[in-house]
Amino acid sequence: QVQLVESGGGLVQAGGSLRLSCAASGRTFSMYAMGWFRQAPGKEREFAAAISWSGVSTKYTDSVKGRFTISRDNAKNTVYLQMNSLKPEDTAAYYCAARILGTPATDPWEYSYWGQGTQVTVSS
């Protein structure tokens, strides 16, 4: 079992930055690929970024490439999402997720464990 707790969300102006953190419980964190997904009101949950168990391999959805960076610290059981140049369309609840297989994936059905989410609101 893995428990995930996100933090770092908030209200920011367009062009600003936020760093989300996701703290994981369990000694097997380093074996899991991790992903960040987001869900805006009235929309389906969508993939944002993912990282392999080692941190070597990452994936991003096109709309965040060049602006968001996913990283992890296995010694701290934590995955991060650095978000720069934020836009109003980035407004959503952001969720981290853990995948038992160590390679990053974009489909939410590939992930077994989910956090409760943290809200990000970008004002124009």
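Structure's up top.
The model shown is predicted, which means the values in this text are computed figures rather than measured ones.

Quick notes on the rules
Residues numbered from 1 in each chain as written. Predicted model: local features only at pLDDT ≥ 70, side-chain atom pairs only at ≥ 80, totals over all residues. Heavy atoms only, no water. Salt bridge = Lys/Arg side-chain N within 4 Å of Asp/Glu carboxyl O. Buried < 20%, exposed > 50% of the residue type's maximum accessible area, 1.4 Å probe, protein only. Disulfide = S-S within 2.5 Å. Helix = DSSP H or I, 4+ residues; strand = E, 2+ residues; numbered from the N terminus. Pairing = 2+ DSSP bridges.

Focus on the pattern of salt bridges
For the structure on display, the rule yields five salt bridges. With its nearest N and O atoms 2.7 Å apart, the salt bridge here joins Glu46 to Arg38. One salt bridge in this structure joins Asp62 and Lys65, with 3.1 Å as the shortest N-O distance. Given the relative accessible area of 60%, Asp62 is considered exposed. The exposure class assigned to Lys65 is partly exposed, which follows from its relative accessible area of 49%. Overlapping salt bridges bring together Arg38, Glu46, Arg67 and Asp90 as one network.

Focus: the state of the cysteines
Under the criterion given, the structure shown has one disulfide. Between the sulfur of Cys22 and that of Cys96 lies a disulfide, 1.9 Å long from S to S. On the sign convention where negative is left-handed, the bridge of Cys22 and Cys96, at about 45° about the S-S bond, is right-handed. Residue Cys22 is located in strand β3 (residues 18-24), and its partner Cys96 is located in strand β9 (residues 92-99); the two are separated by 74 residues in the primary sequence. The exposure classification of Cys22 matches that of Cys96, with both residues buried.

Some points on the pairing of β9
The buried count for β9 comes to eight of eight residues, which makes it a mostly enclosed element. Examined bridge by bridge, strand β4 (residues 33-39) and β9 share seven bridges and lie antiparallel to one another. Residue Arg38 lies in a different strand from β9, and its bridge partner there is Tyr94. The pairing of β9 with strand β11 (residues 118-123) spans three bridges and is classified as antiparallel. Residue pairing across strands places Tyr94 opposite Thr118, the latter belonging to β11. Relative to strand β10 (residues 113-114), β9 is paired through two bridges, and the arrangement is antiparallel. By the bridge assignment for β10, Ala98 is matched with Tyr113.

A word on the pairing of β11
Of the two faces of β11, only one is covered, namely that formed by Thr118, Val120 and Val122; the face formed by Gln119, Thr121 and Ser123 stays uncovered. As paired strands, strand β2 (residues 10-13) and β11 are joined by four bridges and run parallel to one another. The residue bridging Leu11 from the neighbouring strand is Thr121, located in β11.

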